[in-house]
Amino acid sequence: MRPTTGRTVTVAATQMACGWDRDANVNGVERLVRDAAARGAQIILPQELFETPYFCKDQKQELFALAHPVEDHPVIARMSALARELSVVIPTSFFERARNAYYNSLAMIDADGTVLGVYRKTHIPDGPGYQEKYYFNPGDTGFQVYKTRYAAIGCAICWDQWFPETARAMALKGAEILFYPTAIGSEPQDGSLDSQAHWTRVMQGHAGANLMPLVASNRIGREEGETCGITFYGSSFIAGPTGELVAQADRESETVLTASFDLDRIAAQRASWGIFRDRRPELYGPLLTLDGESPVRR
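Labelled according to an unreviewed UniProt entry, the chain appears under the name N-carbamoylputrescine amidase, originating from Azospirillum formosense. Regarding the chain, the relevant UniProt record gives this comment under Sequence similarities (unreviewed entry): "Belongs to the carbon-nitrogen hydrolase superfamily."

Of regular secondary structure, the chain possesses 5 helices and 16 strands. Taken over the C-alpha trace, the chain has a radius of gyration of 19 Å; the compact-globule value for 298 residues is 19 Å, and the two agree within 12%. For the chain, the spread of C-alpha atoms along the principal axes amounts to about 60 × 60 × 40 Å. Taken over 298 residues, the chain has a buried fraction of 53%. Partitioning the contacts of the chain with sequence separation of at least 6, the portion at a separation of at least 24 is 70%. About 13400 Å² of surface is accessible on the chain, with carbon and sulfur atoms providing 51% of the total.

Looking now at the pattern of salt bridges. This model, assessed by the stated rule, comprises 20 salt bridges. Across the pair Asp-35 and Arg-39 runs a salt bridge, and its minimum N-O distance is 2.9 Å. On the basis of relative accessible area, Arg-39 is assigned to the partly exposed category, the value being 45%. Its salt-bridge partner being Glu-223, residue Lys-57 comes within 3.4 Å of it at the nearest N-O pair. Placement of the pair is Lys-57 in the loop between strand E2 (43-45) and helix H2 (74-86) and Glu-223 in strand E12 (residues 220-224), with a sequence separation of 166 residues. Residue Lys-57 is classed as buried on the basis of its relative accessible area, which comes to 3%. Through salt bridges with shared partners, a single network forms among Glu-30, Arg-34, Arg-78 and Glu-85.

All right, on to the nonpolar core then. The biggest cluster of nonpolar side chains holds 64 residues, and the ones touching the most others in it are Val-11, Ile-43, Phe-55, Ile-177, Phe-179 and Leu-214. Ranked by residue count, the leading element in this core is strand E10 (residues 177-181), at 4 residues.

We now examine unusual backbone geometry. The phi angle at Arg-99 is positive, at roughly 55°, despite the residue not being glycine. Inspection of the secondary structure puts Arg-99 in the loop between strand E3 (90-98) and strand E4 (101-109). Look at Cys-158: it is not a glycine, yet its phi comes out positive at around 40°. Position of Cys-158 among the secondary structure elements: in the loop between strand E9 (152-155) and helix H3 (164-172). Given the relative accessible area of 8%, Cys-158 is considered buried.

Using the criterion set out here, one finds 1 cavity of 30 Å³ or more in the structure. Taken together, Arg-22, Leu-49, Phe-50, Glu-51, Thr-52, Phe-55, Leu-66, Ser-93, Phe-94 and Phe-95 make up the full set of residues lining the largest cavity. It is E3 that contributes the most residues to the lining of the largest cavity, 3 residues altogether. Partitioning the lining of the largest cavity into residue classes produces 6 nonpolar, 2 polar and 2 charged.

Moving on, we get to the packing of helix H1 (residues 22-38) against H2. Between H1 and H2, whose axes approach to 11 Å, the crossing angle comes to 20°. Relative to H2, the element H1 lies roughly parallel. Like other packed secondary-structure pairs, H1 and H2 cross with a definite hand, here right-handed. Taking contact as the criterion, the partners of Val-26, Asn-27, Val-29, Glu-30, Val-33, Arg-34 and Ala-37 in H1 are, on H2, Val-75, Arg-78, Met-79, Leu-82, Glu-85 and Leu-86. Of the residues contributing to the contact of H1 with H2, the split by class is 8 nonpolar, 1 polar and 4 charged.

With that settled, the discussion passes to helix H4 (residues 196-210). With 15 residues, H4 should reach 21 Å at 1.5 Å per residue; the first-to-last C-alpha distance of 22 Å fits that figure. The complete set of buried residues in H4 reads Gln-196, Trp-199, Thr-200, Met-203, Gln-204, His-206, Ala-207 and Asn-210. The buried side chains of H4 occupy one side of the element, clustering within an arc of 150° when seen end-on. Downstream of H4 by a residue or two, Leu-211 has a phi angle that is positive, lying close to 50°.

Cut-offs and rules
- Residues numbered from 1 in each chain as written.
- Predicted model: local features only at pLDDT ≥ 70, side-chain atom pairs only at ≥ 80, totals over all residues.
- Heavy atoms only, no water.
- UniProt positions renumbered as here; feature names shortened; annotations may be inferred.
- Helix = DSSP H or I, 4+ residues; strand = E, 2+ residues; numbered from the N terminus.
- Rg over C-alpha atoms; globule rule 2.2 N^0.38 Å.
- Buried < 20%, exposed > 50% of the residue type's maximum accessible area, 1.4 Å probe, protein only.
- Contact = heavy atoms within 4.5 Å.
- Areas by Shrake-Rupley, 256 points an atom, 1.4 Å probe, with all protein chains shown as cover.
- Salt bridge = Lys/Arg side-chain N within 4 Å of Asp/Glu carboxyl O.
- Core = buried A, V, L, I, M, F, W, Y, C linked by side-chain atoms within 4.5 Å.
- 1 Å grid on protein atoms, 1.4 Å probe; cavity = no way out; pocket = protein on both sides within 12 Å on 5 of 7 lines; lining within 4 Å.
- Points joined across faces, edges and corners; volume = space filled by probe spheres on them.
- Nonpolar A, V, L, I, M, F, W, Y, C, P; charged D, E, K, R; others polar.
- Axes fitted to C-alpha atoms, helices over the stretch in contact; angles between N-to-C directions.
- Parallel < 35°, antiparallel > 145°, perpendicular 65-115°, else oblique.
- Left-handed = near helix turned anticlockwise from the far one by under 90°.
- Expected span 1.5 Å × (residues − 1).
- Arc of directions from axis to C-beta.

Encoded structure:
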């Protein structure tokens, strides 16, 4: 007997520009979420740290005041109410304060408005214009997969997207779809460097290597800091389970993208392809080291 299929889920990627009017930014995200829900989307991904401009361009002590604890974070409360109203899942990026620790975090908000858990960004970048190590502690939650109303989903944040270990860990923990909110654009130290195609291909590889759809949401617009500016290149996209681009936004326009996937059919494809059957984790010890030597040679 052939297995039945048909568990179809519709996902959405979004992108928009952000300014220092925090209410306007959150209102903008709500508008995009409502638009996506009206198009049938059930899991809708806003971009990274959408409450404000990307503030990590500079090291400014006063910007730590932007952070709030999970329990009384106004953006989480707003997105929870919206998720409950529309019966949609909203992975929500936010700046978290936990006593004397600060994290680049994501609250997984289910379709009834419940916060299923919080993921704290694992890999923290530090470079011109992207000085996140000044603001954020390294995440301590490990990679998370959440069983939402519509699917089991894994969600990591921006710089995490460059590490195949992140995607594979979420796949091993049972993710059916991968989500990456992000903020990336020009490189202040080198105006000729454009990472957009590289950025896209790396995540297409995560989708193809794990045979599961992937959704990436980026911001758009030029944002100036005190020491440099960044032009964010948008290009938010949805990839299918073989890494194919199903939909992609341009570099400048506010956008909502949607795509639908039959998760049962994809699960059967993933099982038959053998990439998880043929893994050899007992030989992957070098992945647990920084220099590839396991054990360390003295």
